[in-house]
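What follows is the residue order along each chain.
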Amino acid sequence: MITALPEVSEGERHHNRTWFVAGKAFAWERPFSKADLKRFGHETPPDGPILALRVADLEEKEAVLAMHPKGFFTIPHFDGFAAVLVQLRAVTKKPLREAIVDAWLTYAPSKLAEEYLA
């Protein structure tokens, strides 16, 4: 799904698979670190693969989290950072696809984004 978007390249950053457009990371696999797991305390962390997706700004982050409660979340490590986390086992296809496209649009060059949206 991610690599179907125009001019997306796949690589690795911080030992995790990462997707780029115009040299900027807009999506990446985001397993929990030991510190993340510790912050969950007695609460069970979301299981399965986790995808991080960039958003335009913190307002959009709050809107995404409010609109898509199933599968979308954040953690303290991401406080103040314009990205959301997605539990791939819990999210449905349509909201996931929309969030991936929005993340791509955040960093796609204007002309490329306009061509894609046309």
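The preceding data block contains the structure.
None of the values given here were measured: they were computed from a predicted structure.

Caption draft 1: Region of interest: the overall build of the protein chain. Of the regular secondary structure elements, the protein chain holds 4 helices and 6 strands. Along the chain direction, N to C, the helices and strands of the protein chain fall in the order β-β-β-α-β-α-β-β-α-α. Computed over C-alpha atoms, the radius of gyration of the protein chain comes to 14 Å, within 12% of the 13 Å expected from 2.2 N^0.38 for 118 residues, which places it in the range of a compact globule. Along the first, second and third principal axes, the C-alpha set of the protein chain runs to 45 × 30 × 25 Å. For the protein chain, the residues scored as buried account for 42% of the 118 residues in total. Restricting to contacts in the protein chain with at least 6 residues of sequence separation, those with at least 24 account for 52%. When the accessible surface of the protein chain is summed, it comes to about 7,200 Å², and 53% of that surface belongs to carbon and sulfur atoms. With 15 positive and 16 negative side-chain charges, the protein chain shows a spacing of 6 Å between the two charge centroids.

Caption draft 2: Representation of the pattern of salt bridges. Using the criterion set out here, one finds 5 salt bridges in the structure. E10 is the partner of R17 in a salt bridge, and the nearest nitrogen-oxygen pair spans 3.6 Å. For R17, a relative accessible area of 38% translates into the label partly exposed.

Caption draft 3: Representation of the pairing of strand β1 (residues 8–13). Both β1 and strand β2 (residues 16–21) contribute to a ladder of 6 bridges, which runs antiparallel. From the neighbouring strand, E12 faces β2, where its bridge partner is R17.

Caption draft 4: Fine view of the nonpolar core. Ranked by internal contacts, the top residues of the largest apolar core, which has 26 residues, are I2, F26, L51, L53, F72 and W104. Among the secondary structure elements, those contributing two or more residues to this core are β2, β3 (24–29), β4 (50–54), α2 (58–67), β6 (83–87), α3 (93–107) and α4 (110–117). In terms of residue count, α3 provides more of this core than any other element does, 6 residues in total. What I2 contacts, discounting residues up to four positions off in sequence, is V8, W19, F26, A27, L51 and I100.

Caption draft 5: Focus on α3. The end-to-end C-alpha distance of α3 is 22 Å, a good match for the 21 Å that 15 residues give at a rise of 1.5 Å each. The complete set of buried residues in α3 reads P95, L96, A99, I100, V101, A103 and W104.

Here is what the cut-offs are and how they apply
Residue positions are given per chain, counted from 1 along the sequence in the order it is written. Given that the model is predicted, a residue must reach a pLDDT of at least 70 before its local features are reported, and side-chain atom pairs must reach 80 or more before they are shown or counted; all residues, however, enter totals for whole chains, interfaces and linings. Water and hydrogen atoms play no part in the side-chain values, which are based on all heavy atoms of the structure. Secondary structure elements follow DSSP: runs of H or I of four or more residues count as helices, runs of E of two or more count as strands, with numbering from the N terminus. Here the globule rule reads 2.2 Å times residues to the power 0.38, and the radius of gyration is calculated from C-alpha atoms. Using a 1.4 Å probe on the protein chains alone, a residue whose accessible area is under 20% of its type maximum counts as buried, one over 50% counts as exposed, and one in between counts as partly exposed. Here a residue-residue contact requires only that any non-hydrogen atoms of the pair lie within 4.5 Å. Only the protein chains shown count as covering a residue, and every accessible area follows the Shrake-Rupley method with a 1.4 Å probe. In this count, Lys and Arg are taken as positive residues and Asp and Glu as negative ones, while His and the chain termini are left out. By convention, charge coordinates are those of NZ in Lys, CZ in Arg, CG in Asp, or CD in Glu. For this analysis, a salt bridge means a side-chain nitrogen from Lys or Arg found within 4 Å of a carboxyl oxygen belonging to Asp or Glu. Two strands pair if DSSP finds at least two bridges between them. Note on terminology: a nonpolar core comprises buried Ala, Val, Leu, Ile, Met, Phe, Trp, Tyr and Cys residues joined through side-chain atoms within 4.5 Å. An expected span of 1.5 Å times one less than the residue number is assigned to each helix.

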